[in-house]
Amino acid sequence: MAMQRSPALSDSLKQWADRNLFHMEKGGYLSNHMSHGLIALGNLGASEERLNNFGAIYRSQRVYGHKLEQAQDYDKSTIESLEQLLELRGKYKNFLGIAEYFKQEVDSGSITAKGLVQKYLPYVVEGMSGRLLHPMITLGYALNAEDDDLIIDGLTYMVYGYLTTGAHPKIDLDNMKSESQSDSDFKPEDIVRLIEKVKNENRFKAVADEWESKLPYSLEPAAIQRRTAALAERTTDFIDQYMEPLLKNKFLISAFIQDRDQGTTNYKEVISRIFDGLLWVYNDTSEFYGWSNFVLLHGVTSCWSLAQILPVLTPELQLEAVLHYLRAMIVSYASMYEHDDFIVGKSPYERDFTSQYAEIPGFSSPVKHIMETNESDEHKIKVVCVCIDRIGSTNFVPVTSETYINTLKVIAARQFDQLSWEKPN
């Protein structure tokens, strides 16, 4: 099933996702997902009526007790220099002032919105773990929609919600290639093994235990985000041990050197393998944790967002973004604070779901549910959308394996309980 973007999307984004209407956050830690939901619906071909229906419902509904908040005009002050801008990283204030700083630069005609990303992302890429990856998710969706105002919002949110998980050595591709030691491939299995190591890392557990009295464990998103911030501040000293093998992986480094003189790299192969590894973990562990698991689900949608961001970056910044993304995923996953054993089975390339279910619905089934009901859970809508997009998107390596396509169909159908568990006779 190929996606065809709704011609009504652009107008709907202006009507419902204008930064002057609603603040980017609500309740202190919860992100405004209005644009994400509209863009996912638009990519699935939603009508103008359906898009407006979603906007009206999302505007008024309470999520974990909080509705959208009005834009904070009182928290807007003028920024006159790069130094002043950088002082605001991670301070969670002056969102509209930061956005206005970027907007004025675009309005001057000296740079495009995508040019802003190329220019300023180096200053904020280290902090992409902030707000549990939501700022970079917002930027990725904006780039996918090619909406200049939303691109400004996404970049603004990356300044506003900046949270570092530590720095790695400055990216020098030529030097890194000469020092690469590992001849091993870079596969989805490596992402699965990385997450397993994090789950069993005693030092993460020790920090989480120390903070337990202040931040009692909860799968409520605001609690997870506060815990992520605490872990990021206290664990940067040993995250590096997970990153060191990646910094020496020849396949990973070489992917960002290939044809870079012509401005192209093999980033699609890398991001596809990371996505497939995260999807693998989401698929296998969600039966244990529950399909609405906040962190695992955002691992999938944030990786899709990263795939939208990488094409506008230089090869060096592409690699830096990937490495900081993996750092962010390490601390985000650790924030779940679940340490019971879970089973990760066969890879999504090898899983035969036809022997498990009586029937595997096509993508048209969950899409029909989304379009014909008042479904307003943007997370479920986004998962269906990225599963479809993974197959033939220009930002990923195309999927040809019928087995993997069935895995993607199963994950999409599970969002709305559309699978029959009865095995075939």
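Our structure's up above, just so we're on the same page.
For the structure given in this document, a descriptive report is provided here. (Residues numbered from 1 in each chain as written. Predicted model: local features only at pLDDT ≥ 70, side-chain atom pairs only at ≥ 80, totals over all residues. Heavy atoms only, no water.)

## Section: the overall build of the protein chain
Short version of the rule: Only runs of H or I of at least four residues qualify as helices and only runs of E of at least two qualify as strands under DSSP, and these elements are numbered from the N terminus. Burial here depends on accessible area, computed with a 1.4 Å probe over protein chains only, as a share of the maximum for the residue type. Under 20% is buried, over 50% is exposed, and the range in between is partly exposed. What makes two residues a contact is simply this: any of their non-hydrogen atoms within 4.5 Å. Per-residue and other accessible areas were derived by the Shrake-Rupley procedure at a 1.4 Å probe size, with only the shown protein chains allowed to occlude residues.
Counting its secondary structure elements, the protein chain contains 19 helices and two strands. For the protein chain, buried positions account for 58% of its 425 residues. If you take every contact in the protein chain between residues at least 6 apart in sequence, the share linking residues at least 24 apart comes to 79%. For the protein chain, the accessible surface area stands at approximately 17,500 Å², while carbon and sulfur atoms represent 46% of it.

## Focus on unusual backbone geometry
Although it is not a glycine, Tyr-92 adopts a positive phi angle of roughly 55°. Here Tyr-92 lies in the loop between α4 (82-87) and α5 (95-107). Since its relative accessible area comes to 30%, Tyr-92 is described here as partly exposed.

## Notes on the packing of aromatic side chains
What characterises a pair of aromatic rings is the spacing of the ring centres plus the angle enclosed by the ring planes. Applied cut-off: Working definition: rings of Phe, Tyr and Trp (its six-membered ring) pair if their centres are within 6.5 Å, and the pair is stacked with planes under 30 degrees apart, edge-to-face with planes over 60 apart, and tilted otherwise. Whether a charge sits over a ring depends on NZ of Lys or CZ of Arg being within 6 Å of the ring centre and within 35 degrees of the ring normal.
The final tally for this structure, using the stated rule, is 11 aromatic pairs. Ring centres of Tyr-101 and Tyr-120 lie 6.4 Å apart, and the angle between their planes is 75°; on these two criteria the pair is classed as edge-to-face. Here Tyr-101 is found in helix α5, whereas its partner Tyr-120 is found in helix α6 (residues 113-124), with 19 residues between them in sequence. Judged by relative accessible area, Tyr-120 falls into the buried class, the value being 4%. In this structure an aromatic cluster arises from ring pairing among Tyr-92, Phe-95, Tyr-157 and Tyr-160. Seen from the ring of Tyr-92, Arg-131 lies directly overhead, with NZ or CZ sitting 3.8 Å from the centre.

## Overview of the pattern of salt bridges
It is possible for side chains bearing opposite charge to pair when their charged atoms get close. Condition: When a carboxyl oxygen of Asp or Glu lies within 4 Å of a side-chain nitrogen of Lys or Arg, that pair is called a salt bridge.
Under the criterion given, the structure shown has nine salt bridges. Two residues, Asp-185 and Arg-273, come together in a salt bridge whose shortest N-O distance is 2.7 Å. Note that Asp-185 is positioned in the loop between α9 (173-179) and α10 (188-199) and Arg-273 in helix α14 (residues 267-289), a separation of 88 residues in sequence. Asp-185 sits in the partly exposed class, given a relative accessible area of 34%.

## Some thoughts on the state of the cysteines
Operational definition: The disulfide criterion used throughout: a pair of cysteine sulfur atoms within 2.5 Å.
Within this structure, the stated rule accounts for zero disulfides. Cys-385 provides the cysteine sulfur closest to Cys-387, a residue in no disulfide bond, and the two sulfurs are 9.4 Å apart.

## Description of the environment of His-369
With respect to the helices and strands, the residue His-369 is situated in helix α17 (residues 364-372). Along the backbone, His-369 and Gln-418 are 49 residues apart, and their C-alpha atoms lie at a distance of 9.6 Å. When residues no more than four places from it in sequence are discounted, the contact partners of His-369 are Glu-375, Phe-416 and Gln-418.

## Let's talk about the side chain of Gln-308
Put simply, the test is: Under the rule applied, a polar contact is a pair of N or O atoms within 3.5 Å (in protein, one hydrogen donor and one hydrogen acceptor; residues adjacent in sequence only if both atoms are side-chain atoms).
Tracing the chain through its elements places Gln-308 in helix α15 (residues 294-309). Assessed through its relative accessible area of 7%, Gln-308 is described here as buried. Reaching out from Gln-308, the side chain makes a polar contact with the side chain of Asn-144 at a distance of 3.2 Å. At 2.9 Å, the side chain of Gln-308 and the backbone oxygen of Trp-304 are in polar contact. Setting aside residues up to four positions removed in sequence, Gln-308 forms contacts with Gly-140, Leu-143, Asn-144, Asp-389 and Asn-395.

## Quick look at the nonpolar core
Our working definition: By nonpolar core is meant a set of buried Ala, Val, Leu, Ile, Met, Phe, Trp, Tyr and Cys residues that side-chain atoms within 4.5 Å join together.
Of all hydrophobic cores here, the largest spans 127 residues; its most connected members are Phe-102, Leu-121, Ile-274 and Tyr-325. Counting residues per element, this core draws most heavily on helix α16 (residues 315-334), which supplies 13 residues.

## Structural notes on the environment of Ala-8
Of note, Ala-8 is situated in the segment before α1 (9-16). For the pair Ala-8 and Glu-49, spaced 41 residues apart in sequence, the C-alpha to C-alpha distance is 9.1 Å. When residues no more than four places from it in sequence are discounted, the contact partners of Ala-8 are Glu-48 and Leu-51.

## Some remarks on helix α2 (residues 34-43)
Counting buried residues in α2 gives 10 out of 10 residues, a clear majority hidden from the surface. Listing the buried residues of α2 in full gives Met-34, Ser-35, His-36, Gly-37, Leu-38, Ile-39, Ala-40, Leu-41, Gly-42 and Asn-43. Residues of α2 that are buried make contact with α1, α3 (48-60), α7 (134-145), α8 (148-160), α17 and α18 (378-392). Immediately beyond the C-terminal end of α2, within one or two residues, lies Gly-45, with a positive phi of roughly 90°.

## Quick notes on the packing of α2 against α3
To be explicit about the condition: Convention adopted: a line fitted to C-alpha atoms gives each axis, helices being fitted over their contacting stretch, and angles between N-to-C directions are expressed from 0 to 180 degrees. Should an angle lie under 35 degrees it is considered roughly parallel, over 145 roughly antiparallel, and from 65 to 115 roughly perpendicular; all remaining angles are considered oblique. By convention the crossing between two helices is left-handed if the near helix lies anticlockwise of the far one by an angle smaller than a right angle, and right-handed if it lies clockwise. Here the term charged refers only to Asp, Glu, Lys and Arg, the term nonpolar to Ala, Val, Leu, Ile, Met, Phe, Trp, Tyr, Cys and Pro, and the term polar to all other amino acids, Gly among them.
Where α2 contacts α3, the two axes come as close as 10 Å, and the packing angle between them is 160°. Between α2 and α3, the angle falls in the class roughly antiparallel. Between α2 and α3 lies a crossing of right-handed hand. Residue-level inspection shows Met-34, Gly-37, Leu-38, Leu-41 and Gly-42 of α2 in contact with α3, the latter providing Arg-50, Leu-51, Phe-54, Gly-55, Tyr-58 and Arg-59. In terms of residue class, the contact of α2 with α3 is built from six nonpolar, three polar and two charged.

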